[in-house]
Amino acid sequence: MPKIYRFRCFLFLFFLSGIFVFHGTVAAQLAGQMGAMDVAAEMDGGGVKKDPPKVGGKIGDLGKANAERNAGMVGNASSPENSAPAADGGAAPAASKPAAKPAERDIMQTGWWGPGNYFSTIKVLLFVFVFFFWVYATSWMNGDMERQKNESRENLNLLNFVLFALLLPPLLFAHYFWAAFPVVLLANVVNCMVYVGKRNAKLPPHEKVLTGEHIAFCYATLMNKIGIKVKVKKRMVYEVGAPIDLEATGKNVTPQVLQGRLLLARNAPGYNEFRQHLFDALSSNATHMMFDFTPERTLIRHQVDGVWLDLPPMPRVIEKGQTKDVQEEMLEAAKMLVGVNPADRRSRQAGMFLAVVRKKTKYDVEFLSQGTPTGEAAMIQFIAKKVPFRSLDELGMRPEMQPKLLEQLNAKQGLFIISAPLANGLRSSMDLFARNSDRFTRDVVNIEDAQFPSEVIENVILGRYDSAKGETPMTVLPDIIFKEPHALIVKDLSKRDVLEYCLGEVDHGRLFITMTRAKDTVEAMIQFLATKTPAQTFVTKLNGVICQRLIRKLCPDCKEPYQPAPQLLQQLGLRPDQVKEFYRPRTPLPDPNEEKKRGVCETCNGIGYKGRTALFELLVLNDDLRAFILGHPNPAAIRQAIAKSGQTGFFYEGVLLLMKGATTVEELSRVMKM
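Model, not experiment: these values are computed from the prediction.

Student: Teacher, can you tell me more about the nonpolar core here?
Tutor: Most often, soluble globular proteins keep nonpolar side chains buried together rather than apart. If you look at the biggest cluster of nonpolar residues, it comprises 36 residues, and the most contacted ones within it are I244, L246, F274, L278, F353, I380 and F382. Setting aside residues no more than four positions away along its own chain, L278 makes contact with I244, L246, M289, F353, I380 and F382. With 34 residues, the next largest nonpolar core counts V445, L477, I481 and V490 among its residues.

Student: Looking at this model, I keep getting lost on the sheet that holds strand β9 (residues 414–420). Mind explaining?
Tutor: Backbone hydrogen bonds are what pair the strands of a sheet, in a parallel or an antiparallel way. Strand order in this open sheet of seven strands is β11-β10-β12-β13-β9-β14-β17, and the pairing throughout is mixed. A strand with exactly one partner marks an edge of an open sheet, and here the two such strands are β11 (460–465) and β17 (609–620). Direction aside, the axes of adjacent strands within the sheet are offset by 20 degrees on average. Bridge analysis of strand β14 (residues 542–554) against β17 gives 10 bridges, and the strand direction is antiparallel. Bridge pairing links G544 to V620 in β17. The strands touched by helix α22 (residues 650–660) are β14 and β17; relative to β17, the strand with the most contacts, the crossing angle is about 140 degrees.

Student: I keep staring at the pairing of strand β10 (residues 444–449) and nothing clicks. Help me out?
Tutor: Side chains on a regular strand alternate between the two faces of the sheet. Judged by how many residues are buried, β10 sits mostly within the fold: six of six residues are covered. Every second residue of β10 is oriented toward a common face, with V444, N446 and E448 on one face and V445, I447 and D449 on the other, all of them buried. Where β10 and β11 come together, six bridges link them in parallel fashion. Paired with V444 across the strands is V460, a residue of β11. Two elements, β10 and strand β12 (residues 487–490), share four bridges in a ladder whose sense is parallel. Residue pairing in the sheet places V444 in a bridge with A487 of β12.

Student: Can you help me understand the layout of surface pockets in this one?
Tutor: If you roll a probe as big as a water molecule over the atoms, it shows you where there is empty space left. As a volume, the second largest pocket reaches approximately 1500 Å³. The wall of the second largest pocket is formed by 36 residues, among which Q148, K149, N150, K202 and E602 lie closest to the centre. Secondary-structure elements contributing two or more residues to the lining of the second largest pocket are α4 (121–147), α5 (153–173), α6 (177–201), α9 (271–283) and α19 (592–598). A class-by-class count of the residues in the lining of the second largest pocket yields 12 nonpolar, 11 polar and 13 charged.

Student: What am I meant to see in α4 here?
Tutor: Along its 27 residues, α4 runs 39 Å from first to last C-alpha, staying within 8% of the 39 Å computed at 1.5 Å per residue. Immediately beyond the C-terminal end of α4, within one or two residues, lies K149, with a positive phi of roughly 55 degrees.

Student: Please clarify how the confidence of the model for the protein chain should be interpreted in this entry.
Tutor: The predicted coordinates of low-pLDDT regions are not to be read in fine detail. Residues with a pLDDT of 70 or more make up 79% of the protein chain, whose mean pLDDT is 80. Ignoring residues within four places in sequence, the model shows residues 20–63, a span with pLDDT below 50, making 39 contacts including any to other chains. A low-confidence stretch, residues 73–97 stays under pLDDT 50, and its non-local contacts, those more than four residues away or across chains, total 11 contacts.

Student: Which parts of the structure should I look at to understand a nonpolar patch on the surface?
Tutor: Judged by side-chain polarity, V189, M193, L210 and I215 come together as a nonpolar surface patch covering roughly 330 Å² of accessible area. Take I215: it is sitting in helix α7 (residues 212–225). A relative accessible area of 47% places I215 in the partly exposed class.

Student: Looking at this structure, how should I read the pattern of salt bridges?
Tutor: Oppositely charged side chains may form a pair once their charged atoms are brought near each other. Counted according to the given criterion, the structure contains 25 salt bridges. With its nearest N and O atoms 3.3 Å apart, the salt bridge here joins E400 to R398. For R639, the salt bridge goes to D520, with nearest N and O atoms at 2.6 Å. In this pair, R639 sits in helix α21 (residues 635–644) while D520 sits in the loop between β13 (511–517) and α16 (521–529), placing the two residues 119 residues apart along the sequence. According to the relative accessible area criterion, D520 is buried, its value standing at 7%.

Student: Please explain the packing of α9 against helix α10 (residues 326–338) as it appears in this structure.
Tutor: Packed helices, taken two at a time, are described by the angle between their axes plus the distance between the axes. At a minimum axis separation of 7 Å, α9 and α10 run at an interaxial angle of 85 degrees. With respect to each other, α9 and α10 are oriented roughly perpendicular. Taken together, the residues of α10 that come into contact with α9 (itself represented by Y271, E273, F274 and H277) are V326, M330, A333, A334 and L337. In terms of residue class, the contact of α9 with α10 is made up of seven nonpolar, one polar and one charged.

Student: Which parts of the structure should I look at to understand the packing of aromatic side chains?
Tutor: Each aromatic ring pair is specified by the distance between its two centres and by the angle formed by the two planes. In the structure shown here, the tally under the stated rule is nine aromatic pairs. Each ring, one from W140 and one from Y195, has its centre 5.8 Å from the other, and the planes form 85 degrees; the classification is edge-to-face. Of this pair, W140 sits in helix α4 while Y195 is found in helix α6, placing the two residues 55 residues apart along the sequence. According to the relative accessible area criterion, W140 is partly exposed, its value standing at 22%. For Y195, a relative accessible area of 10% gives the class buried. Counting every residue linked through ring pairs, the aromatic cluster contains F131, F132 and W134. When the ring centre of Y609 is taken as reference, the NZ or CZ atom of R552 above it lies at 4.0 Å.

Student: Where do I start with α16 in this structure?
Tutor: Turn by turn, an α-helix covers 3.6 residues, leaving residues three or four places apart pointing in a common direction. Along α16, the positions that sit buried rather than exposed are T521, V522, A524, M525 and F528. The arc that holds the buried residues of α16, viewed along the axis, is 160 degrees, so those residues lie on one side.

Student: For this particular structure, what's the right way to read the side chain of N446?
Tutor: Considering the arrangement of structural elements, one finds N446 in strand β10. Residue N446 is classed as buried on the basis of its relative accessible area of 6%. A polar contact is formed between the side chain of N446 and the side chain of E448, at a distance of 3.5 Å. Excluding anything up to four places from it in sequence, N446 contacts S454, V460, I461, L462, G463, I489 and K491.

Student: Mind showing me how you'd approach the packing of α4 against α6 here?
Tutor: For the pair α4 and α6, the least separation of the axes is 11 Å and the interaxial angle reads 15 degrees. Regarding the angle of α4 to α6, the classification is roughly parallel. Our pair here, α4 against α6, has a crossing hand that is left-handed. Of α6, the residues touching α4 (which contributes I122, K123, L126, F129, V130, F133, W134, A137, W140, M141, D144 and M145) are F177, W178, F181, V184, L185, N188, V189, N191, C192, Y195, V196 and R199. The class makeup of the residues in the contact of α4 with α6 is 19 nonpolar, two polar and three charged.

What counts and what doesn't
Residues numbered from 1 in each chain as written. Predicted model: local features only at pLDDT ≥ 70, side-chain atom pairs only at ≥ 80, totals over all residues. Heavy atoms only, no water. Core = buried A, V, L, I, M, F, W, Y, C linked by side-chain atoms within 4.5 Å. Buried < 20%, exposed > 50% of the residue type's maximum accessible area, 1.4 Å probe, protein only. Contact = heavy atoms within 4.5 Å. Pairing = 2+ DSSP bridges. Helix = DSSP H or I, 4+ residues; strand = E, 2+ residues; numbered from the N terminus. Axes fitted to C-alpha atoms, helices over the stretch in contact; angles between N-to-C directions. 1 Å grid on protein atoms, 1.4 Å probe; cavity = no way out; pocket = protein on both sides within 12 Å on 5 of 7 lines; lining within 4 Å. Points joined across faces, edges and corners; volume = space filled by probe spheres on them. Nonpolar A, V, L, I, M, F, W, Y, C, P; charged D, E, K, R; others polar. Expected span 1.5 Å × (residues − 1). pLDDT = per-residue confidence, 0-100. Patch = residues over 30% accessible without salt bridge, like charges linked within 9 Å, V, L, I, M, F, W, Y side chains within 5 Å. Areas by Shrake-Rupley, 256 points an atom, 1.4 Å probe, with all protein chains shown as cover. Salt bridge = Lys/Arg side-chain N within 4 Å of Asp/Glu carboxyl O. Parallel < 35°, antiparallel > 145°, perpendicular 65-115°, else oblique. Phe/Tyr/Trp six-rings, centres within 6.5 Å; stacked < 30°, edge-to-face > 60°. Lys NZ or Arg CZ within 6 Å of the ring centre and 35° of its normal. Arc of directions from axis to C-beta. Polar contact = N/O pair within 3.5 Å; in protein donor to acceptor, adjacent residues only side chain to side chain. Left-handed = near helix turned anticlockwise from the far one by under 90°.

Below you can see the structure in the form of structure tokens.
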């Protein structure tokens, strides 16, 4: 028997024996009192011997006999009003009997007596049930926490013990058993359900307990053991494991081919392992994950909030009787799903599929594999189906900047460029800016590549071309312009003919909004000038450029303040009276044991950062800047001119976040080096 069971059973027997000792002591005291009063009554009754009550019988009978004799003695010794002459000249019994003594009544009314004044068997059995429910529940919780490697296991075990120890005395000694028993039982049930709710929230469906499916399975198992056959729906192999469903997708592929890919992948040995890795990455808010397969081990990395994090390496081990290890089987299942050759480990192979987490959140997943000198590498990117931000405030734009942006998005004519470095949310921000523009008092058309569809926006007309068929925006632009729209969102203006055509339409009162990959606003302008479009035409019709960079936010639950050094404040352009403290991720404790007891922050998983916000650089062109750009095409000189004009950039926005305690100096330095 496990030690924890032995200890709790010993504790139970100790308390139970205490109850019976208490019960035996009270019975003996009452029996002694009854025997002494029988002798006194016999002497007072003139030698008339009456059958004494049975010592050791019902305590209630002893109490009743004692009360009757006391009543008789009081009646004979009291005033004549309490007795009347009988027919034979003797004294008649008293008309009324006084109650038992207060001390005896208190003993007789304890909460453990039954209807016949015996020690209640039902109450003892209920107490035994509550006790062993607590023993089983806490023992299961202890084992489950050990399996889940819960670092709070010792503290929770102590809490469970203290809770029951505090609830036990009221149950044992309360005068009203039926009031104390439900409270104790409910407290134990609630304690167990709270733990189950927390552990279920972190586990996949097949590992959850007390769910409808789990209860049905337990019921069927129990019935089958006693000979009653109960059918349970058998889950397919691909339905077991992480709560993520995969679907084969592809461009210019028939549904039959996609279904065949999915069936092949589901029947592959490594399919569930692949699903589990995808779910772990999405659960950690990763946007990318990378596998580096070598003969000795597999390295896995997650990109969380724009930063790569290394996971513990997985050794390559081939089980006895197998020809491939788990990692190789997992890679083959992934290749089957995207429709490439699983046996090819050298060529560059790419594909797409759909991932649905918990039946609700959808991601387009891009898969890319390539042979390396040491083996093979695979890159996976998760693209959310929905824009994660719904307002400029959620994106992180200051209220003071928002009117300036809306003025550019709602201009009557001109060109406005939206830019960002790679993997800094350009596509999401592009859709968000379009959603925040005026779509109700003017006609807005979104021209996009069918190979890269964006979210459908209400009151925005959609025009598509297919680059897979050799089409460009010029394929659809003339027909759309013929319908006289006020504003057009053309995401790809990288071709000179398309750019010059759109700039020519600016003179007809149209606004064009486009996007490009660039690290700042100046680089975005230089990229369009590199198309050999006449600089005079481009700069004259360009209204403005906005560029964004994503910066990590400190975890709100584990960040800690510190006093910045005066030299640091000077480098940031701040006076000592402007800021009292900066914030940083939680620093480890000097004592490793204390750090282990403190545990890992559940909000950020010990990273120190949670989520990202955007820094913006908004450039609004005026005549002076246009003239300077035309005369000085040097990017460094243009940046200096913009700074002298009073327009702020990324650094200014980052310092404001530092003063708010939203990010760190180290993170701002990393973002500024993009």
